[in-house]
Structures are given as C-alpha cells and as structure tokens.
Amino acid sequence: MAAKAAAGMLLAEGSLQVPSIDEFLPPEILFQGTPFAINRIILVRIVATVVMLAVLGTTAAKAKLIPGRWQGAVEWLLEFVRDNIVYQVMGEIRGRRYVPMITTMFMTILVFNLCGIIPGLNIAATATIVVPLLFALWTFVQYWGATFRGKGFIPYLREELFPAGVPWPIYIILAPMQLLDIVVIRPFSLTIRLFANMISGHILVALCFAATQYFLIDAESKALIGFGAVTFVGGIVMTLFEAFVAAIQAFIFATLSTVYINLSYPED
C-alpha cells in the first residue's frame, strides 16, 4: 500500500528523473571532432592511470627494508596477486612469466573500478566496453602465445576439438562448440562480466541518489521525505557494495585470465 501511495504522489507531482544510459556515455569535452577527442570517462582513465603510476612509483622509490604501513599495504596487495592468483593457479615456475601481466591487469582494473565511488570522478573507468575488451584481448594473445610455445597450434587444436575417448559422431557437435569456446566465449565472457557488473552497479547507485534528491529536495509533498531517507541509506549501502564488487571483479578477471592461459599449457 505504501508503494502504491508513493507511486500516486509521484504521478501527481511529476515523475522522478531516472538516469539514462546516455549519461554514462558523456559527450566529448576536449579536442572535439579530432582523433584525440576526450570525454569524461577517458579523462577519468587518464587521471586514474597517472595517480596510480605516481603512487606506485613513489612507493617503490622510497621503499625501505623495514616497510611502513603504506609500503606494507602495497606489498601485501602485490604479493596477494602473485601468491593467491598466479602461483595458486600456475605454480611458481610457470607463473613467474605472468606475474607482471596479471599484477598490472589486477591493479589497473581495481583502480579503474573504484573510480565509480570517488567524489569528482563518479564513474568507473571500466563502465564502457573498451577497457574490459582490451584486457580480454591481452589475455587472448597471451593464451594463444602459450599454446604455440607449450603444445604447438595443430596439436593444441586437435586435443581441444577432438578429445580422446569421445565417440566420433559426437565430434560433429563437440568440435564446433569447443572452437567457439576457445575463440569467442572466453574473451567475450571476460569482457561482458566486468563491463556489465560495473555499469549496473553504477546505475543502481545513481538511481538511489537521484531518488534521494527528488524526495528530499524536488518533491513538494513532505510525506515523501521518509522515502528520501530510505533511498539515501540505500545509496550509501550500494556505494559500499560497489566498492566490494570493484575488488571482486578485479580478482575474478585476473583469476580467469590466469586460468585460461594455464589451460594452454600441456599437462605436467
């Protein structure tokens, strides 16, 4: 009944302005009409990258044998990626080759994701498909590079498309499905998982705070103030949840990339 009453009040006083998807694809703000045009999301990526490199570079330059709290936190994060993602999946010997790649991928995605809850930025730099696709293609290139080094192209395809012990008529269905998996589904799943999670989380946060502004400021009826308090609390909760999702998505992307690369190597 309360929801119906609120809906009736909204219809009577004017509808809530819900954020549209176009607001997440902002117009160009610098160098319009040139190949170097920059919109707000690209600017956020540039700022986030510069800040990340400056912080990590400064931490490395001032590193001490007995680390302080900040250096210890940075080292813990780097060691977490190395030990709990790369070495956990690949083992130390094979994984050494991919520690720089996976660490770069994890740190960049984490920082880009967290931009969505940083005041003044307010948009995840991974909220368009370009960045997730770029990292997925990087994984794809490394995946096939490991294939060529470890098994060879033809032996690898034969092993993946025609696994031993399967009745030959099944290969008619299995081989195309396997080929689709290793060529399309794996990079596509990496891309969509990261992009969809970040854009959906940001839309929910924006919706909560847009509703808060309407109920507390724009709406004429005082009866809607209570709904404004609810949506404000919801916005805070969703912001904290988006921070959690930002870290989880960086972890999942880095882990799956490591798993896909490891699958290209021959079994020990």
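Residues numbered from 1 in each chain as written. Predicted model: local features only at pLDDT ≥ 70, side-chain atom pairs only at ≥ 80, totals over all residues. Heavy atoms only, no water.

Asks: Please explain the overall build of the chain as it appears in this structure.
Replies: From N to C terminus, the chain includes nine helices and two strands. For the chain, the residues scored as buried account for 38% of the 268 residues in total. Here the analysis covers contacts within the chain between residues at least 6 apart in sequence; of these, 69% occur between residues at least 24 apart. Only carbon and sulfur atoms are counted for the fraction: they give 72% of the accessible area of the chain, which is about 15,400 Å². (Helix = DSSP H or I, 4+ residues; strand = E, 2+ residues; numbered from the N terminus. Buried < 20%, exposed > 50% of the residue type's maximum accessible area, 1.4 Å probe, protein only. Contact = heavy atoms within 4.5 Å. Areas by Shrake-Rupley, 256 points an atom, 1.4 Å probe, with all protein chains shown as cover.)

Asks: So what exactly am I meant to see when it comes to the packing of helix 5 (residues 99–114) against helix 9 (residues 225–263) here?
Replies: How two helices pack is summed up by the angle between their axes together with the distance between the axes. As a packed pair, helix 5 and helix 9 sit with axes 9 Å apart at the nearest point and diverge in direction by 155 degrees. Judged by the angle between their axes, helix 5 and helix 9 are roughly antiparallel. In terms of crossing hand, the pair formed by helix 5 and helix 9 is right-handed. Contacts between helix 5 and helix 9 involve Met101, Ile102, Met105, Phe106, Ile109, Leu110, Asn113 and Leu114 on the former and, on the latter, Ala243, Ala246, Ala247, Gln249, Ala250, Phe251, Phe253, Ala254, Ser257, Thr258 and Ile261. (Axes fitted to C-alpha atoms, helices over the stretch in contact; angles between N-to-C directions. Parallel < 35°, antiparallel > 145°, perpendicular 65-115°, else oblique. Left-handed = near helix turned anticlockwise from the far one by under 90°.)

Asks: Help me out: how do you make sense of the nonpolar core in this one?
Replies: Most often, soluble globular proteins have nonpolar side chains that are buried together. Membership of the largest hydrophobic core comes to 49 residues, with the highest contact counts inside it found for Tyr98, Ile102, Phe106, Ile109, Phe253 and Ile261. Sorting the residues of this core by element identifies helix 2 (40–61), helix 3 (69–90), helix 5, helix 6 (130–150), helix 7 (153–161), helix 8 (171–218) and helix 9 as the ones contributing at least two each. Looking at this core, the element that brings in the most residues is helix 5, giving nine residues. Excluding residues that lie within four positions of it along the chain, Phe253 makes contacts with Met105, Ile109, Pro132, Phe135, Ala136, Thr139, Leu190 and Leu194. (Core = buried A, V, L, I, M, F, W, Y, C linked by side-chain atoms within 4.5 Å.)

Asks: In this structure, what is going on with helix 5? I would like to understand it.
Replies: One turn of an α-helix holds 3.6 residues; hence residues three or four places apart share an orientation. Helix length check: helix 5 (16 residues) gives 22 Å between terminal C-alpha atoms against 22 Å at 1.5 Å per residue, within 8%. In terms of residue burial, helix 5 counts as a mostly covered element, since twelve of its 16 residues are buried. (Expected span 1.5 Å × (residues − 1).)

Asks: Explanation requested: the pattern of salt bridges in the structure shown.
Replies: Any two side chains of opposite charge can pair, so long as their charged atoms come close to each other. All chains considered together, the criterion is met by three salt bridges. The residue Glu92 makes a salt bridge to Arg96 at a minimum N-O spacing of 3.2 Å. Two residues, Asp181 and Arg186, come together in a salt bridge whose shortest N-O distance is 3.2 Å. Judged by relative accessible area, which is 11%, Arg186 ranks as buried. (Salt bridge = Lys/Arg side-chain N within 4 Å of Asp/Glu carboxyl O.)

Asks: Honestly, the confidence of the model for the chain in this entry has me stumped. Any pointers?
Replies: The predicted coordinates should not be examined in detail at positions where pLDDT is low. In this model, the chain carries an average pLDDT of 81, and 87% of its residues clear a pLDDT of 70 or more. Averaged over each element, pLDDT in the chain is lowest for helix 1 (residues 2–13) (43) and highest for helix 5 (94). Contacts for the low-pLDDT stretch residues 1–14, under 50 throughout, to residues beyond four places or in other chains number 14 contacts. (pLDDT = per-residue confidence, 0-100.)

Asks: Honestly, the packing of aromatic side chains in this entry has me stumped. Any pointers?
Replies: Any two aromatic rings considered together are summarised by their centre-to-centre distance and by the angle between their planes. Taken as a whole, this structure holds eight aromatic pairs when the rule is applied. Seen in terms of ring centroids, Phe135 and Phe253 are 6.3 Å apart; in terms of plane orientation they differ by 75 degrees. Their pairing is edge-to-face. Of this pair, Phe135 sits in helix 6 while Phe253 sits in helix 9; the two residues are 118 residues apart in sequence, bridging distant segments of the chain. The pair formed by Phe135 and Phe253 is uniform in burial state, with each residue classed as buried. (Phe/Tyr/Trp six-rings, centres within 6.5 Å; stacked < 30°, edge-to-face > 60°.)

Asks: Could you clarify how one ought to interpret the side chain of Asn262 in this entry?
Replies: Following the sequence through the fold, Asn262 ends up in helix 9. In contact with Asn262, not counting residues within four places along its chain, are Val89, Met90 and Arg94.

Asks: Help me understand the side chain of Thr128 in this model?
Replies: Considering the arrangement of structural elements, one finds Thr128 in the loop between helix 5 and helix 6. Judged by its relative accessible area of 13%, Thr128 is buried. A polar contact is formed between the side chain of Thr128 and the side chain of Arg45, at a distance of 2.3 Å. (Polar contact = N/O pair within 3.5 Å; in protein donor to acceptor, adjacent residues only side chain to side chain.)

Asks: Honestly, the packing of helix 3 against helix 9 in this entry has me stumped. Any pointers?
Replies: Axis separation between helix 3 and helix 9 bottoms out at 9 Å; the angle between their running directions is 30 degrees. The orientation of helix 3 relative to helix 9 falls into the category roughly parallel. Regarding helix 3 and helix 9, the two cross each other, and that crossing is right-handed. Touching Phe80, Ile85, Val86, Val89 and Met90 of helix 3 are Phe251, Ala254, Thr255, Thr258, Val259, Ile261 and Asn262, all from helix 9. Of the residues contributing to the contact of helix 3 with helix 9, the split by class is nine nonpolar, three polar and no charged. (Nonpolar A, V, L, I, M, F, W, Y, C, P; charged D, E, K, R; others polar.)

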